[in-house]
Amino acid sequence: MRSTVEELVSALTLEEKAGLCSGLDFWRTKAVERLDIPALMVSDGPHGLRTQKPGSDNPNDSIEAVCYPAGCAAAASFDPALTRRMGAALGREARAVGVGVVLGPAINIKRSPLCGRNFEYYSEDPFLAGEMAAGFIQGVQSEGVGACPKHFAANSQETRRMSADSRMDERTLHEIYLPAFETAVRDGQPWTLMCSYNRVNGTYASENKLLLEDILRDAWGFTGFTMSDWGAVNDRVLGVAAGLDLEMPGSGGVNDAKLVEAVRSGALDEKVLDKAVTRILNIVLRAADLAKTPVVFDRSADHALALELAKETGVLVQNLGALPLHDGQKVVYIGAFADQPRYQGGGSSHVNTHAAIGALAAARGKGRAVTYVEGFPADRDQRDEQEFLRAVTAAEEADVAVIFAGLPDILESEGADRRHMRLPDCQNNLIARVAAVQKNTVVVLHAGAPVECPWAGDVSSVLCMYLAGEGIGEATDALLWGEANPSGRLPETWPLRLEDTPCYLDYPGDGITADYREGVYVGYRWYDGRHMPVRWPFGHGLSYTGFVYRDAALDNDTLEEDGHVTLRVKVRNSGTMRGAEVVQLYVSDATNAPTAGGRVPQVLRGFQKVTLDPGQECEVSFTLTARDLAHYETTLHDWYAAPGRYELRLGHSSRDIRTTVSLQFQTKRHLPLTVDENTPLGILLADPRTAEAVRTVLESDNEAMANGGGDDLMPPEAVAQMLDAMPLRALTNFGGPKAAAALPTLLETLRKAVQE
């Protein structure tokens, strides 16, 4: 009979405890054979297993595995059920090869399109990222394997990622960079969580007690163990004290010895080390028990799943009529990506698979009449004029030209950020030349993040396939030829140019610090707040059918602080083809209450994907609470929604709102208010606790105030603004001795009011 975790911890020597808190090698924790404690094997796996081959000494020599859509593509599905299915398949495969924890999902926020690892991440929006991550975690763990969301936190660049300091204010951290992790933890209940390399406001994530203990465990209720990113540990003793349980891949005993010495010297309480060991053993033993359950892993069935999921991730961002393609048309495919598709990024998530084929092979396999001209290579920026002329001539003679473009592997990988947002020059040049002779030009994009598309106004259609895994070629074929209806949506804004991006002036920083001066204005919050033109907005995606919304209504037009309301809307497929619509719910604060750091125009607070036959209608509903209306308020160190009116916007994208419903919010909560002689009247008049008393004083001194400002001297708007900015002490200047004598009493009254 196996001992309990408490019994095992008591039986361990100090050296064994320290050893259990670091890896044996690149992928395994240490075992303690005398106590029957097994090792735990982990593997990279955000979109496919990168598991070291048995017997190999090379950590990068991985087994062949199924490659699913990368995070950038999976998020484009706007469907947590998709990541749940993908996670479950990964969990089955992991258990079949002896892996106990899958290192994923990767859920950092896409602060800039230039981040070299954006292809692994889900979105610029924390709500979408959190929902997709929770689905993935639930799927993996439903098969008896742990998930490990990463990289916690504020890891939005690769440039000097192991030491750069991500600097941001409290609201930005809590409102943008933490919520996806919070949703992942609360809804997914992951077994483990991985800290990031970088510092956050001066403290390394690997020894950041605010993140690892105060927020992750105390506020969110995380019960698993934390591990470092590979090589992320700065000070191992400080890390354990701050809540970092497992160091990977280990230090060959160097840091283990430091832990032992720290305990013996009294620098580290052994009880703290015991907590770390307990959390690790809880998961190690759980994984070992579940690993005994038989598992069925079918590679061919999982390839079919990868293909099915890839079809759900393609985003038709533009279509002036060239798509779908039809039998009988003379179609030419141009670009090496048609033959050699790019379907994943470089680095630790790179999956060893041989099941991927290109759209060209898929088309020929189905007997489609397509010709092919390479035009440009897939792996470099190389222009061959003779090849260009062949492509242009073939396009001119065809009914439709489909150009397969994208970023070469070398431009998009873990470890390095992109330096610009352009496609290779040879691709942009050839697309422009083909579009000049062929009105039915279609561009298929293979990239893990937005690229500038200067030719977008000259081509008919653009299909963004992101990096959709080993099924990308077959899925692209199905979407181009109308065998599948595009239903993906952009999980990030595609700007017109790099200079338009929120952090253009600050990204990636000086290599020492990364200042997040754009604050909460990330992604569509930035572009929509400035009414800035973009190439394609967040949430955008077209279909071969159409959808109409009607009868949007709330079950209650007022929401109380501790209550909830339900918003319902009917959606109908108004076209002639079966298709899926993603109904998106955005919340806009229309209270006009002052908000430190600015009020973003709207935020995503719900989405649902529904599949409908032609003419079919269904009802979609969303339930909202006060948290859905709230922003993070630094004076409270908590979430807060001001009382008043909010707009609930239902739409097809952040810029295609189909219907809006108003909601009133009531709360007895108030923000802290310090009242002194310099408090502006406008702030006091806006606060229900102080408004009446101040209004009474102003009405009694109306004549004196009028003489001081004078309606004849300034227009009413200027007088109103002057009154709004006037500090309490100014009442003495305009109200004379009487007002001066009354000021102390007024101050006492106001202070008492805000304290009640």
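Here the structure is a predicted model, which is why all the values come from computation and not from measurement.

A. Representation of the overall build of the protein chain in the model. For the protein chain, the count of helices and strands is 23 helices and 25 strands. Over its C-alpha trace the protein chain gives a radius of gyration of 29 Å, about what one expects of a compact globule, namely 27 Å for 756 residues. Once the C-alpha set of the protein chain is aligned to its principal axes, its extents read approximately 90 × 75 × 50 Å. The buried share of the protein chain, taken over its 756 residues, is 60%. Taking the contacts inside the protein chain whose residues are at least 6 apart along the sequence as the reference set, 76% of them involve residues at least 24 apart. In the structure as shown, the protein chain presents an accessible area of about 29000 Å², 48% of it carried by carbon and sulfur atoms. The protein chain carries 73 positive and 102 negative side-chain charges, and their two centres are separated by 2 Å.

B. Here's a closer look at helix α7 (residues 179-188). Burial analysis of α7 places eight of its 10 residues in the buried class, which makes it a mostly covered element. Here α7 has its buried residues at Pro179, Ala180, Phe181, Glu182, Thr183, Ala184, Val185 and Gly188. Those residues of α7 that are buried lie in contact with α5 (126-141), α6 (170-177), β5 (192-194), α8 (209-219), α18 (626-629) and β23 (638-640). Of the residues one or two after α7, Gln189 is the one with positive phi, at around 50 degrees.

C. Representation of the nonpolar core in the model. Within the largest apolar cluster, 220 residues are counted, with the highest numbers of intra-cluster contacts made by Phe152, Tyr333, Val402, Leu445, Trp455 and Leu480. Here the element with the most residues in this core is helix α11 (residues 270-290); it accounts for nine residues. Residues contacting Leu480, with those up to four places away along its chain left out, are Leu323, Pro324, Leu325, Tyr333, Val402, Phe404, Val442, Val444, Leu463 and Tyr544. Listed in part, the 15 residues of the second largest apolar core include Leu673, Leu698, Leu747 and Val754.

D. Focus on the pairing of strand β9 (residues 315-319). Within β9, four of the five residues are buried, which leaves it mostly tucked inside the rest of the structure. Direction of pairing for β9 relative to strand β14 (residues 461-464): antiparallel, over a ladder of four bridges. Among the inter-strand pairings, Asn319 is bridged to a residue of β14, identified as Ser461.

E. Expanded view of the packing of aromatic side chains. The full count for this structure, using the stated rule, is 16 aromatic pairs. Seen in terms of ring centroids, Phe26 and Trp230 are 6.4 Å apart; in terms of plane orientation they differ by 65 degrees. Their pairing is edge-to-face. Remark: Trp230 occurs in the loop between β8 (225-227) and α9 (236-242) and Phe26 occurs in the loop between α2 (14-20) and β1 (42-44); sequence separation between them is 204 residues. Looking at Phe26, the relative accessible area reads 31%, which means it is partly exposed. Judged by its relative accessible area of 12%, Trp230 is buried. Consider the rings of Trp27 and Trp230, whose centres lie 6.0 Å apart with planes at 45 degrees: the pair is tilted.

F. Structural view of the side chain of Asp687. One can find Asp687 in the loop between α19 (681-686) and α20 (691-700). Given a relative accessible area of 12%, Asp687 falls into the buried group. A distance of 2.7 Å separates polar atoms of two side chains, one belonging to Asp687 and the other to Arg689. Aside from chain neighbours lying at most four places away, what touches Asp687 is His670 and Leu673.

G. Structural view of the sheet that holds strand β6 (residues 199-200). Strand order in the open sheet made by the four strands is β7-β6-β4-β15, with mixed pairing throughout. A single partner strand is all that each edge strand has here, and the edge strands are β7 (203-204) and β15 (513-515). Sheet topology places strand β4 (residues 165-167) next to β15; three bridges connect them, and they run parallel. Of the residues in β15, the one forming a bridge with Asp165 is Thr513.

H. Inspection of the sheet that holds strand β3 (residues 146-147) at higher detail. One open sheet accounts for three strands, arranged β1-β2-β3; its pairing is parallel. The open sheet has two edge strands with one neighbour each: β1 and β3. Pairing between β1 and strand β2 (residues 101-103): three bridges, direction parallel. Along β2, the bridge assignment pairs Ser43 with Val102.

I. Expanded view of helix α16 (residues 472-480). The element α16 is largely enclosed, with a buried count of eight among its nine residues. Ile472, Gly473, Ala475, Thr476, Asp477, Ala478, Leu479 and Leu480 are the residues of α16 that are buried. Here the buried face of α16 lies against α12 (299-313), β10 (331-334), α13 (359-365), β12 (400-406), β13 (441-446) and β14. Just beyond α16, the residue with positive phi is Gly482, at close to 75 degrees.

J. Just the packing of α12 against α16, in detail. Between α12 and α16, whose axes approach to 8 Å, the crossing angle comes to 45 degrees. In terms of orientation, α12 and α16 fall into the oblique class. Handedness of the crossing formed by α12 with α16: right-handed. Residues His303, Leu307, Ala310 and Lys311 of α12 lie in contact with α16, whose contacting residues are Ile472, Glu474, Ala475, Ala478 and Leu479. Tallied by class, the residues present in the contact of α12 with α16 amount to six nonpolar, one polar and two charged.

K. Here's a closer look at the pattern of salt bridges. Counted by the stated rule, this structure contains 57 salt bridges. The residue Glu143 makes a salt bridge to Arg92 at a minimum N-O spacing of 3.4 Å. Of this pair, Glu143 sits in the loop between α5 and β3 while Arg92 sits in helix α4 (residues 80-96); the two residues are 51 residues apart in sequence, bridging distant segments of the chain. Glu143 gets classed as buried once you look at its relative accessible area, which sits at 18%. The partly exposed category is assigned to Arg92, whose relative accessible area is 24%. Notably, a salt bridge pairs Asp687 with Arg689, separated by 2.7 Å at the nearest N-O pair. A network of salt bridges, in which partner residues are shared, links Arg117, Glu120, Glu158, Arg161 and Glu414.

L. Focus on unusual backbone geometry. The omega torsion across Gly104 and Pro105 is 10 degrees, close enough to zero to call that bond cis. Here Pro105 lies in the loop between β2 and α5. At the junction of Tyr507 and Pro508, the peptide bond is cis and its omega measures out at 0 degrees in the coordinates. Tracing the sequence through the fold places Pro508 in the loop between α16 and β15. Of note, the phi angle at Arg160 is positive, near 45 degrees, even though the residue is not glycine. Secondary-structure assignment places Arg160 in the loop between β3 and β4. Phi at Asp551 takes a positive value of approximately 60 degrees, unusual for a residue other than glycine. Of note, Asp551 is situated in strand β16 (residues 547-554).

Calculation criteria
Residues numbered from 1 in each chain as written. Predicted model: local features only at pLDDT ≥ 70, side-chain atom pairs only at ≥ 80, totals over all residues. Heavy atoms only, no water. Helix = DSSP H or I, 4+ residues; strand = E, 2+ residues; numbered from the N terminus. Rg over C-alpha atoms; globule rule 2.2 N^0.38 Å. Buried < 20%, exposed > 50% of the residue type's maximum accessible area, 1.4 Å probe, protein only. Contact = heavy atoms within 4.5 Å. Areas by Shrake-Rupley, 256 points an atom, 1.4 Å probe, with all protein chains shown as cover. Lys, Arg positive; Asp, Glu negative; His and termini not counted. Charge placed at Lys NZ, Arg CZ, Asp CG, Glu CD. Core = buried A, V, L, I, M, F, W, Y, C linked by side-chain atoms within 4.5 Å. Pairing = 2+ DSSP bridges. Phe/Tyr/Trp six-rings, centres within 6.5 Å; stacked < 30°, edge-to-face > 60°. Polar contact = N/O pair within 3.5 Å; in protein donor to acceptor, adjacent residues only side chain to side chain. Axes fitted to C-alpha atoms, helices over the stretch in contact; angles between N-to-C directions. Parallel < 35°, antiparallel > 145°, perpendicular 65-115°, else oblique. Left-handed = near helix turned anticlockwise from the far one by under 90°. Nonpolar A, V, L, I, M, F, W, Y, C, P; charged D, E, K, R; others polar. Salt bridge = Lys/Arg side-chain N within 4 Å of Asp/Glu carboxyl O.

Remember that the coordinates give geometry; whether it matters functionally is a separate question.
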